[in-house]
Amino acid sequence: MKKKKILINFIIFGSILTVAVLFANLISLLSNGKDISTEFTFRIEYVIVFLFGGTIFTIMRYLAEKFTKKDSKKVVFLKSQIIVYAILLAISILLLIISIYKSIVILKIFSIAFIIAISLYELGLNLTIKGLKKDVEKINKKLKENKLQ
Amino acid sequence: MKIEFKIDKNIDETKVVIYAKEMNEEVKNIMNKLESNNNSESIMGLIDDMNYILDLNDIESFFTEDYKVFARKDGKKYRVKKRIYELEDFLSNTTFVRISNSEIVNFNKVDSLEIQGRITIILKFKSGEITYVSRRYISKIKKYLNI
């Protein structure tokens, strides 16, 4: 991966996870009936989450792309990518269950944040797929028209 | 230098064979001139040290494999001594469109596109061959087809 691409990936994934943590924190405060205006402030954890999220997801993408180059088959790459997300989601859910049972607040926030981040990414991916399907339909239609001409 | 010219009605494609003791400047010059004189409608391709002048209309695609560039025509792979980005420039305003970082495809030879799995876009050639399209290059295809 190029340096620019790595940096963009880092910022995007770091931001997604940070936003997810902010949401999770907000939900947690609301569910505990706390005053958001006073309790919801900047915390150093958000910076750590940004760096942590950026690093984890960038490494994940880097490994997935490296794996692609070896096999040069996009199908393998995508399947491996889906497997990685599925594993991460499973780990997050497991952490959430552990945090609920053991009442570890920070772990609960982290796991919820991870679930939200993965879900947001999946949502974005699904929207991309929908757009792609439409594009492919249009291209096929045009190819048919060109054939008839 | 002797020049011999033969007419054979059984030959489908014009072929130029150069007989020389070794590869020298004179031979290189002749080859370069042949390539450049063949205008932009053809390109030189290699199979086992044999040079072939390939008509662009007959080529299905240009692709990279192990850091080398090849042209695919009638199921055969011809080594091309141009980088993929040079080919992209060379083939601009033709029926060739870049579909991924490693492939440029002749859209006259394309049958259809298909989505397989989640976001794997498969391009099917009229010959039955398949290849993969990078979603980042879909916009280039759309631009070429005026969509």
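Reading guide: rules and limits
- Residues numbered from 1 in each chain as written.
- Chains lettered and ligands numbered in written order.
- Predicted model: local features only at pLDDT ≥ 70, side-chain atom pairs only at ≥ 80, totals over all residues.
- Core = buried A, V, L, I, M, F, W, Y, C linked by C-beta atoms within 7 Å.
- Buried ≥ 20, exposed ≤ 12 C-beta atoms within 10 Å, placed from the backbone.
- Helix = DSSP H or I, 4+ residues; strand = E, 2+ residues; numbered from the N terminus.
- Axes fitted to C-alpha atoms, helices over the stretch in contact; angles between N-to-C directions.
- Parallel < 35°, antiparallel > 145°, perpendicular 65-115°, else oblique.
- Left-handed = near helix turned anticlockwise from the far one by under 90°.
- Contact = placed C-beta atoms within 7 Å.
- Nonpolar A, V, L, I, M, F, W, Y, C, P; charged D, E, K, R; others polar.
- Expected span 1.5 Å × (residues − 1).
- pLDDT = per-residue confidence, 0-100.

Trainee: Where do I start with the nonpolar core in this structure?
Mentor: The nonpolar side chains of a soluble globular protein tend to be buried, and buried together. Ranked by size, the top nonpolar core spans 26 residues in total, and within it Ala71 and Val105 of chain B carry the most contacts. Examining the composition of this core, we find that 3 residues originate from one element, strand β6 (residues 96–100) of chain B, more than from any other. Residues Phe13, Val49, Phe50 and Ala117 of chain A belong to the second largest nonpolar core, which totals 17 residues.

Trainee: Where do I start with the packing of helix α1 (residues 3–31) of chain A against helix α5 (residues 105–148) of chain A in this structure?
Mentor: When two helices pack together, their arrangement is given by the angle between the helix axes and by the axis-to-axis distance. All names here are of chain A. Put simply, α1 and α5 touch, their axes get as near as 8 Å, and they point 130° apart. By the angle between their axes, α1 is oblique relative to α5. Once α1 is placed against α5, the crossing between them reads as right-handed. On the side of α1, the interface is formed by Ile16, Leu17, Ala20, Val21, Phe23, Ala24, Asn25 and Ser28, while α5 contributes Ile109, Ile112, Ala113, Ile116, Ala117, Leu120 and Tyr121. Taken together, the residues of the contact of α1 with α5 sort by class into 13 nonpolar, 2 polar and no charged.

Trainee: Is there a simple way to explain α1 of chain A in this structure?
Mentor: Residues separated by three or four positions in an α-helix point in the same direction, a consequence of the helix having 3.6 residues per turn. All names here are of chain A. The end-to-end C-alpha separation of α1 is 42 Å, in line with the 42 Å expected for 29 residues at 1.5 Å each. Listing the buried residues of α1 in full gives Phe13, Gly14, Ile16, Leu17, Thr18, Ala20, Val21, Ala24 and Asn25. Downstream of α1 by one or two residues, Gly33 has phi in the positive range, about 70°.

Trainee: In this structure, what is going on with the confidence of the model for chain A? I would like to understand it.
Mentor: Predicted coordinates in areas of low pLDDT are best not read in detail. On average, residues of chain A score 75 in pLDDT, and 83% of them are at 70 or above. Per-element confidence in chain A is highest for α5 of chain A, whose mean pLDDT is 82, and lowest for helix α4 (residues 74–102) of chain A, whose mean pLDDT is 69.

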